[in-house]
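Commentary on secondary and tertiary structure
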Amino acid sequence: MEISNAVALLERIVSCDSSSSRSNLAVIDRLEEVLDRPGIVQRRFASLDGTKANLFARLGQSDPGKDRDGLILCGHTDCVPAVEPDWTVEPFALTERGDRWLGRGTADMKGFVALAATLASAVDLAKLTAPLCLLFTYDEEVGMLGARELVRQWPNGEALPKACLIGEPTSLIALRLHKGHLKLRVTLAGRAAHSGTPQLGENAIEAAAPVIAALADLRRALERERPPLSELFPEAPFVPLNIATIAGGVAINVVPDSCTIELGFRPLPGSDLAALRRRVEGTIADAAPPSARARIELVGLSEPLLTDDSSPLHRALCALDGQDFSRGAPFATDGGPLAALGLESVVWGPGSIEVAHRADEWLLKSDFHRCAELLPAIVERFCGATA
């Protein structure tokens, strides 16, 4: 792989503002240009409104065989908005600063996307013994919407390689499992009144107070529990619960007639998701005053990921740097919904999740270069050819 080409592509796609609130089509256009060569078959899978798209590309034989051999390199093309006030560089431009590149999406995860596309553009197609596929999705940051739509649109009976490498920023540590993320919205009703005569109304924000207190108690209880596989999540070996937003009221002189709370919790793989949801919803229902008529809605679900320790892709990635342990990611990925297509995903990529979603997001050059060295070896191991 020519590293200068990968850096040039990274610069081009970082310059596209593909925040999840916007279209990702400019990034898809650039990736299609790089992959526009004989022997690479590309397909777009558009969102329902047509403003976004997943890009799927296949190199080599169309049939992965009965064992579903080959490899998928997967990355999302969207990023979170660059609304933090303390950026010191232009977010949507690649800025070099010492040992790193700064810019929105450099770590999460356009660095890997640029490497995967550049590698595929240079693969010796004649040497492929199994298919190499690329999957670039949209709206991962808001609930894996692109991956879900791909699963819905994928042609019945068309086989894919089983091994899927998801290039999220892990500092090149192979992670074979991750937590899910279930998001709920709670709406509490009150009755509006003039604040001079508050006894004539019912304050919905006050009704929210015992709900928030009960959820905080539940959060502390969950943090004391150690469900199965918790040892693989040393940073947070429990089910995290986060009370994320609260909104209510229209003016200081009006008793608020509505209050909305949004929260999320992150179940471990293998957990009884339905039982956890009932536990959270039961806490809310018990704490809410009856007059508030609490309504609970599901906002989004990102499934947990659990790939077996013996997975060939996990073993191969661990062997690259002598990794002798299993570890879980504290974040969710497209691997959750893509499991519906029978994929066995492992999360491994350049950059650190600790610098994602913050001002001056950055990617270490050394991580980028190291990934450029190791990724061809993985492609050769599963597909028989490299660049």
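See the structure shown above.
What comes next concerns the included structure. (Residues numbered from 1 in each chain as written. Predicted model: local features only at pLDDT ≥ 70, side-chain atom pairs only at ≥ 80, totals over all residues. Heavy atoms only, no water.)

**With respect to the packing of helix α3 (residues 106-122) against helix α9 (residues 365-383)**
Put simply, the test is: Comment: axis = line fitted to C-alpha atoms, over the contacting stretch for helices; angle = value between 0 and 180 degrees taken between N-to-C directions. Here a strand is any run of E in DSSP of at least two residues, a helix any run of H or I of at least four, and the numbering for each starts at the N terminus. Note on terminology: angles under 35 degrees are roughly parallel, angles over 145 are roughly antiparallel, angles of 65 to 115 are roughly perpendicular, and the others are oblique. By convention, the crossing between two helices is left-handed when the near helix turns anticlockwise from the far helix through less than a right angle, and right-handed when the turn is clockwise. Any two residues whose heavy atoms approach within 4.5 Å at even a single point are treated as in contact.
In the contact formed by α3 and α9, the axes pass within 10 Å of each other and the chain directions differ by 45°. What the angle tells us is that α3 and α9 run oblique. As for the relative orientation of α3 and α9, their crossing is right-handed in sense. Along the contact surface, α3 presents Gly-111, Phe-112, Leu-115, Ala-116 and Leu-119, while α9 presents Phe-368, Cys-371, Ala-372, Leu-375, Pro-376 and Val-379.

**What to know about helix α7 (residues 312-320)**
At 3.6 residues per turn, the α-helix brings residues three or four places apart onto the same side. How we decide: Between buried and exposed lies partly exposed: a residue is buried under 20% and exposed over 50% of the maximum accessible area for its type, with that area taken using a 1.4 Å probe on protein chains only.
Taken residue by residue, α7 has Leu-313, His-314, Ala-316, Leu-317 and Cys-318 as its buried positions. Tucked into the core, α7 has its buried residues touching β3 (71-76), β7 (163-166), β17 (344-347) and α9. Looking one or two places after α7, you find Gly-322, whose phi comes out positive at around 70°.

**Section: the side chain of Thr-333**
Worth spelling out the cut-off: As used in this structure description, the phrase polar contact means that two N or O atoms lie within 3.5 Å; if the pair is within protein, one of them must be able to donate a hydrogen and the other to accept it, and residues adjacent in sequence are counted only when both atoms belong to side chains.
Mapping Thr-333 onto the fold places it in the loop between β16 (328-329) and α8 (335-338). A distance of 2.9 Å separates a polar atom in the side chain of Thr-333 from the backbone nitrogen of Gly-335. Once you skip the residues sitting within four places of it in the chain, Thr-333 turns out to touch Glu-140, Met-144, Ile-166, Glu-168, His-178 and Val-347.

**Brief notes about the pairing of β3**
The criterion, for reference: In short, DSSP must find at least two bridges between two strands for them to pair.
The element β3 is largely enclosed, with a buried count of 6 among its 6 residues. Two elements, β3 and strand β6 (residues 132-137), share 6 bridges in a ladder whose sense is parallel. Among the inter-strand pairings, Ile-72 is bridged to a residue of β6, identified as Cys-133. By the bridge criterion, 3 bridges tie β3 to β7 in an arrangement that is parallel.

Treat this as a map of the structure, not an account of what it does.
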